[in-house]
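Examining the three-dimensional arrangement
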Amino acid sequence: MTLSLDTPLTLAQLRAVYEAPVRLSVSAAARARIDRAADVIAKIVASGATVYGVNTGFGLLASTTVGRADLEALQRNLVLSHACGVGPLLSDAIVRLVLVLKAASLAQGASGVRTATVEMLVKLLDAEIYPCIPSKGSVGASGDLAPLAHLSAVLLGIGDARVKDTVLPARAALEQAGLAPITLGPKEGLALLNGTQVSNALALAGLFETEKVFAAGLVAGALSTDALKGSDTPFDARIHLLRGQPGQIDVASTLRGLMAGSEIRESHRAPAADDRVQDPYSFRCQPQVMGAVLDVMRASARTLEIEANGVTDNPLVLDNGDVLSGGNFHAEPVAFAADQLAMALCEIGNISERRSAILVDPKMSGLPAFLVKESGLNSGFMIAQVTAAALVAENRMLAHPASVDTVPTSANQEDHVSMATHGARRLLDMAQNAASVVAIELLAATQGLEFHRPLKSSALLEQAAAQIRALVRPYDRDRYFAPDIEAATQHVCAGGLRALTSRLLPSSDAT
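Just so we're clear, the structure is a prediction, and the values are computed from it rather than from any experiment.

**Side note on the packing of aromatic side chains**
- For the coordinates displayed, the defined rule picks out 5 aromatic pairs.
- Ring centres 5.6 Å apart and planes at 55° place the aromatic pair Phe381 and Tyr475 in the tilted group. Taken together, the residues Phe381 in the loop between helix 16 (362–365) and helix 17 (382–398) and Tyr475 in the loop between helix 19 (459–471) and helix 20 (482–493) connect sequence positions 94 residues apart. Considered together, Phe381 and Tyr475 belong to a single accessibility category, that of buried residues.
- Relative to Phe481, the ring of Phe381 lies with its centre 5.1 Å away and its plane at 90°, an arrangement referred to as edge-to-face. Remark: Phe481 occurs in the loop between helix 19 and helix 20 and Phe381 occurs in the loop between helix 16 and helix 17; sequence separation between them is 100 residues. As far as burial versus exposure is concerned, Phe381 and Phe481 are alike and both buried.
- In this structure an aromatic cluster arises from ring pairing among Phe381, Tyr475 and Phe481.

Structure below.
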């Protein structure tokens with residue numbers, strides 16, 4: 001895929017960046033925008049006027065003026081001194097998103113960098129050279145300074161980069177692709193380091209992983225409803241139209257579609273065939289809970305899409321020559337979006353685990369205890385449900401909002417920060433936990449469904465159950481269980497059930 005830097009990036013395009021290598025094109029119009037801003041900076045340098053970040057120190061040192069002879073060293077020193085990241089390296093998929101987001105921001109022509117600098121980022125993407133960026137060390141203001149410094153150092157031939165899963169010294173990685181290190185011009189180091197691109201890339205990745213878990217959670221919930229011989233009456237459109245919440249309406253419609261034509265549902269539709277008046281909330285209230293999750297996902301997605309197309313460095317260079325200092329680097333919108341997604345992931349896991357707990361309880365489900373024949377001799381899904389319980393408890397702890405925290409930095413010049421970076425980074429761990437919770441429910445629901453044979457579920461749910469059975473055979477007696485859970489988890493994480501609900505998802509190509 002080739003993406004143009006002349007049109008706003010869509011969520012579908014950003015998901016494609018996350019999933020596979022892409023190319024960027026810098027049009028003549030984009031080059032003209034970039035060059036206009038670079039000319040403004042060149043004129044400031046020539047005039048000797050003092051402008052923050054062009055010929056001054058940074059942060060608390062902003063009042064220190066730097067002579068023209070030292071401007072190159074000023075930008076180089078900024079990159080090297082700020083490369084203070086620690087912890088595991090960000091994945092290639094995240095770094096690829098960061099590169100695209102940074103190039104897109106600079107290409108809007110409000111940062112004062114030269115076209116050659118933007119094109120160097122594009123060349124890294126084209127050659128699949130991914131700077132090694134430690135995942136920890138940013139507080140999400142003033143931008144993602146430390147991680148973006150590690151990215152920028154590779155442009156100078158310093159640090160390390162990953163090429164086809166091999167870590168190389170940056171200079172060697174560049175040489176392998178026929179590239180040479182660049183020299184930074186006035187303001188360029190600051191433009192590269194300022195910005196929310198790492199926080200936003202991590203939050204976008206969290207969104208895309210949440211979408212997969214959400215889709216699988218909806219399918220698992222419908223499967224569980226049939227395995228329980230639950231009612232689809234709570235999904236009746238009239239109920240949800242009376243409340244009016246859009247996500248709730250959409251989820252109810254999806255659940256109706258997933259269950260349409262189920263022989264199992266028809267077998268107990270008559271009152272005489274079912275003595276249960278109402279199903280537990282985790283079954284009956286799926287539209288209300290998962291609909292609220294969907295609304296939160298959509299709101300967060302909108303925030304992150306806007307951020308992806310914004311300019312978030314400082315100062316900003318305007319078309320009329322004004323250079324304005326502000327605070328677009330403050331990642332509070334991203335922090336809030338990440339906190340919302342964390343809550344959404346918690347609830348996807350919470351309601352899924354409750355349905356698994358109902359299915360394994362013979363008093364509630366009417367199914368064999370722990371979904372296995374000869375229970376007692378066999379423990380069946382007993383500890384699988386315990387694993388789900390452990391994972392949802394861990395996610396609740398991880399969901400503590402990051403945005404409510406702040407620690408003053410840079411000698412109190414940067415005295416309120418967003419904490420967006422780790423707020424977004426934890427989403428990947430949370431999504432993995434939630435994926436395993438939903439995977440356990442998928443295994444349990446598929447197992448429960450088969451106790452109702454020869455009756456069949458709907459065509460769509462039988463398709464979903466067949467996907468699970470292609471990975472995991474029926475649980476007829478106790479066996480080593482972990483590989484089953486891992487296989488189902490990988491299916492969730494690969495988006496294997498996304499197609500059954502894709503029209504709902506914020507990054508769907510159809511939206």
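Having seen the model, we can carry on.
**What to know about the nonpolar core**
- Ranked by size, the top nonpolar core spans 158 residues in total, and within it Phe214, Leu223, Leu359, Phe381 and Leu442 carry the most contacts.
- For this core, the element with the most residues is helix 9 (residues 197–227), which contributes 18 residues.
- Here Leu359 is in contact with Ser224, Ala227, Leu228, Phe283, Ser365, Leu367, Leu371, Ala444 and Ala445, once residues within four sequence places are set aside.
- Counting 5 residues, the second largest nonpolar core, distinct from the first, contains Phe329, Ala402, Val417 and Met419.

**What to know about the layout of surface pockets**
- Of the voids in this model, the largest pocket is the one considered here, and its volume is about 300 Å³.
- When residues of the lining of the largest pocket are traced back to their parent elements, those giving at least two are helix 3 (71–82) and helix 6 (145–155).
- Class assignment for the residues of the lining of the largest pocket results in 10 nonpolar, 9 polar and 2 charged.
- Approximately 240 Å³ is the volume found for the second largest pocket.
- Together, 16 residues line the second largest pocket, and Tyr52, Asn314, Phe329, Gln413 and Glu414 are the ones closest to its centre.

**Re helix 20**
- A rise of 1.5 Å per residue sets the reference length of helix 20, with its 12 residues, at 16 Å; its end C-alpha atoms lie 16 Å apart and thus fit the reference within 8%.
- Listing the buried residues of helix 20 in full gives Asp484, Ile485, Ala488, Thr489, His491, Val492 and Cys493.
- In the core, the buried residues of helix 20 are packed alongside helix 9, helix 17, helix 18 (420–450) and helix 19.
- Backbone geometry just after helix 20 places Gly495 at a positive phi near 75°.

**Comments concerning the environment of Cys132**
- Looking at the element boundaries, Cys132 is found in the loop between strand 4 (129–131) and strand 5 (134–136).
- Overall, Cys132 belongs to the buried group, its relative accessible area being 9%.
- On a C-alpha basis, the gap between Cys132 and Leu151 in space is 7.1 Å, while along the polypeptide they are 19 residues apart.

**A short note on helix 19**
- The end-to-end C-alpha distance of helix 19, which contains 13 residues, comes to 19 Å, matching closely the 18 Å that a straight helix rising 1.5 Å per residue would cover.
- Among the residues of helix 19, those classed as buried are Leu461, Glu462, Ala464, Ala465 and Ile468. The buried side chains of helix 19 occupy one side of the element, clustering within an arc of 160° when seen end-on. The outward face of helix 19, more than 90 degrees from its buried face, is lined by the exposed residues Ala459 and Ala470.
- Looking at the packing, one finds that the buried side of helix 19 touches helix 9, helix 11 (246–259), helix 18 and helix 20.

Each value, and the rule that gives it
Residues numbered from 1 in each chain as written. Predicted model: local features only at pLDDT ≥ 70, side-chain atom pairs only at ≥ 80, totals over all residues. Heavy atoms only, no water. Phe/Tyr/Trp six-rings, centres within 6.5 Å; stacked < 30°, edge-to-face > 60°. Helix = DSSP H or I, 4+ residues; strand = E, 2+ residues; numbered from the N terminus. Buried < 20%, exposed > 50% of the residue type's maximum accessible area, 1.4 Å probe, protein only. Core = buried A, V, L, I, M, F, W, Y, C linked by side-chain atoms within 4.5 Å. Contact = heavy atoms within 4.5 Å. 1 Å grid on protein atoms, 1.4 Å probe; cavity = no way out; pocket = protein on both sides within 12 Å on 5 of 7 lines; lining within 4 Å. Points joined across faces, edges and corners; volume = space filled by probe spheres on them. Nonpolar A, V, L, I, M, F, W, Y, C, P; charged D, E, K, R; others polar. Expected span 1.5 Å × (residues − 1). Arc of directions from axis to C-beta.

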